Amino acid sequence: MHDVKIKLADIKEQIEKKVHHPYLLRYIDSPVIDEDKLLLLISILDELKLSETKAEQYAITAMLIQIALDTHELVMNDESEGEDLKHRQLTVLAGVYYSGLYYKILAALDDINMIRALADGIKDVNEHKISLYQKAPEAVDHLMNSVKKIEAALFEKLTDAYSKTDWKEVASNLLFIKRLIAEKEQFIKNGTSIVFEALKKLTFPKVKEMSAEQQNYLLLICDRYIDFSRNLVDQYLMKIPFVNELLEQRIHFIFNHSQSVAKTFVEEG
């Protein structure tokens, strides 16, 4: 586990150096590096037996793509005007800047298959983000599939490129669970979230203000998807020859956190 922690810290530091831009950081927050996604990438790449340099390049590139996609999503969520217009414009530029960084690394990799895989992942993420933000899904299953693709399309394409089905299922379902937990927390705290607004439109299309019973019903729908995905993570995790201890700890933490969120809502309700 010690080696994985060192590798995680080292690659995270390299990413932080690459995204550091003094002018941008005067006006916008530093981009968030999702350590769980980085840990998943490191764990998957370790099994591929790539050279250390190539594995690092793949991990850094995929995380830069993730940061660029997350930065563009911040703009989609930001409806501010006036004084905050500069912040919004610089956030857009930051996303473009981060995109330029990963394109530069991809060009240096000279790996057509990986470039194609990551490009397909970006395309999938953007398509499903449009569907989610326009509240366009025609059914709950379609909505949840879009959420999963937004969180995990990059991982799915990378693992598909190396025929690592077990890792694909673990990564996509774990990241899906993590996103649903975050959406649940936001919904419980603020009474709304992107996913729950779309879920409300599908489930109670004519209702403006939901009752407590209706809100609880939406949470139960969410919990069903979390439970189903948790079973898939457990199922496919057993098929992977070796999973490092740090990742196992994070998986258990995410599972336990899901239960604590559900318990908190029941107690408060």
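Quantities reported herein were computed from a predicted structural model and do not represent experimental measurements. (Residues numbered from 1 in each chain as written. Predicted model: local features only at pLDDT ≥ 70, side-chain atom pairs only at ≥ 80, totals over all residues. Heavy atoms only, no water.)

Novice: Please clarify how the overall build of the protein should be interpreted in this entry.
Specialist: Scanning the protein from N- to C-terminus turns up 11 helices and zero strands. By the burial criterion, 46% of the 269 residues in the protein qualify as buried. Within the protein, contacts between residues separated by at least 24 positions form 75% of all contacts whose residues are at least 6 apart in sequence. Surface summary for the protein: the accessible area is close to 14300 Å², and the carbon and sulfur share equals 52%. (Helix = DSSP H or I, 4+ residues; strand = E, 2+ residues; numbered from the N terminus. Buried < 20%, exposed > 50% of the residue type's maximum accessible area, 1.4 Å probe, protein only. Contact = heavy atoms within 4.5 Å. Areas by Shrake-Rupley, 256 points an atom, 1.4 Å probe, with all protein chains shown as cover.)

Novice: Explanation requested: the environment of cysteine 222 in the structure shown.
Specialist: Structurally, the position occupied by cysteine 222 is in helix α10 (residues 212-237). Here cysteine 222 falls in the buried class, since its relative accessible area comes to 1%. Between the alpha carbons of cysteine 222 and methionine 144 there is a distance of 9.0 Å; along the sequence they are 78 residues apart. If near-sequence neighbours (up to four positions away) are discounted, cysteine 222 is found in contact with Leu180, Lys184 and Phe196.

Novice: How should I be thinking about the packing of helix α7 (residues 140-161) against helix α9 (residues 194-203) in this particular structure?
Specialist: Helix-helix packing is characterised by the crossing angle of the two axes and by the distance between the axes. The geometry of α7 relative to α9 is characterised by a closest axis approach of 10 Å and an angle of 165 degrees between their N-to-C directions. Looking at the two axes, α7 sits roughly antiparallel to α9. Read as a crossing pair, α7 and α9 show a hand that is right-handed. Contacts from Val140, Leu143, Met144 and Val147 of α7 reach α9 at Val195, Ala198, Leu199, Leu202 and Thr203. Its residues assigned to classes, the contact of α7 with α9 comprises eight nonpolar, one polar and no charged. (Axes fitted to C-alpha atoms, helices over the stretch in contact; angles between N-to-C directions. Parallel < 35°, antiparallel > 145°, perpendicular 65-115°, else oblique. Left-handed = near helix turned anticlockwise from the far one by under 90°. Nonpolar A, V, L, I, M, F, W, Y, C, P; charged D, E, K, R; others polar.)

Novice: Help me out: how do you make sense of the nonpolar core in this one?
Specialist: The nonpolar side chains of soluble globular proteins are, as a tendency, buried together. Ile15, Leu38, Leu40, Leu64, Phe155 and Leu180 are the most contacted members of the largest nonpolar core, which totals 78 residues. With 11 residues, the single largest contributor to this core is helix α4 (residues 52-77). (Core = buried A, V, L, I, M, F, W, Y, C linked by side-chain atoms within 4.5 Å.)

Novice: How do you make sense of the pattern of salt bridges when you look at a structure like this?
Specialist: Oppositely charged side chains can form a pair if their charged atoms are brought close together. All chains considered together, the criterion is met by 15 salt bridges. A single network of salt bridges, built from pairs that share partners, joins Asp34, Asp36, Lys178 and Arg250. (Salt bridge = Lys/Arg side-chain N within 4 Å of Asp/Glu carboxyl O.)

Novice: Could you clarify how one ought to interpret the environment of valine 195 in this entry?
Specialist: When you line up the elements, valine 195 lands in helix α9. Separated by 12 residues in sequence, valine 195 and glutamate 183 place their C-alpha atoms 6.5 Å apart. Apart from the residues within four sequence positions on either side, valine 195 is in contact with Leu132, Leu143, Val147, Arg179 and Glu183.

Novice: How should the packing of aromatic side chains be read in this particular structure?
Specialist: The relative placement of two aromatic rings is captured by the distance of their centres and the angle of their planes. Per the stated rule, a full pass over the model turns up two aromatic pairs. Pairing phenylalanine 187 with phenylalanine 196 gives two aromatic rings, centres 4.3 Å apart and planes at 5 degrees, and the pair type is stacked. The class of phenylalanine 196 is buried, set by a relative accessible area of 1%. (Phe/Tyr/Trp six-rings, centres within 6.5 Å; stacked < 30°, edge-to-face > 60°.)

Novice: Help me out: how do you make sense of the side chain of lysine 200 in this one?
Specialist: Here lysine 200 lies in helix α9. No salt bridge is formed by the buried lysine 200; its nearest oppositely charged neighbour, glutamate 197, is found at 5.3 Å. Excluding anything up to four places from it in sequence, lysine 200 contacts Pro205, Val207, Lys208, Met210 and Leu218. (Lys, Arg positive; Asp, Glu negative; His and termini not counted.)

Novice: I would appreciate a short explanation of unusual backbone geometry in the present structure.
Specialist: What you tend to see is this: most non-glycine residues have negative phi, and most peptide bonds are trans. Positive phi values are uncommon outside glycine, yet lysine 49 reaches one of about 60 degrees. Summarising the element assignment, lysine 49 is placed in the loop between α3 (35-47) and α4. When its relative accessible area of 71% is taken as the criterion, lysine 49 is described as exposed. Backbone geometry at serine 163 places phi at a positive 55 degrees, although glycine is not the residue there. Judged by relative accessible area, which is 63%, serine 163 ranks as exposed.

Novice: Sorry, what's going on with helix α8 (residues 165-190) here?
Specialist: Quick reminder: α-helices carry 3.6 residues per turn. Residues three or four places apart thus point the same way. Here α8 contains 26 residues, and its C-alpha end-to-end distance of 37 Å stays within 8% of the 38 Å for a straight helix at 1.5 Å per residue. The positive-phi residue at the C-terminal boundary of α8 is glycine 191, with phi of around 80 degrees. (Expected span 1.5 Å × (residues − 1).)

Novice: Would you take a moment to explain the environment of valine 233 for this structure?
Specialist: Relative to the helices and strands, valine 233 resides in helix α10. Leave out the neighbours within four places in its chain, and valine 233 touches Val170, Asn173, Leu174, Ile177, Ile251 and Phe255.

Novice: Would you take a moment to explain the packing of α8 against α9 for this structure?
Specialist: Where α8 meets α9, the closest approach of the two axes is 8 Å, and the angle between their N-to-C directions is 80 degrees. In this view, α8 runs roughly perpendicular relative to α9, as classed from their interaxial angle. Every residue of α9 that contacts α8 at Arg179, Glu183, Lys184 and Phe187 is listed here: Ile194, Val195 and Phe196. A class-by-class count of the residues in the contact of α8 with α9 yields four nonpolar, no polar and three charged.

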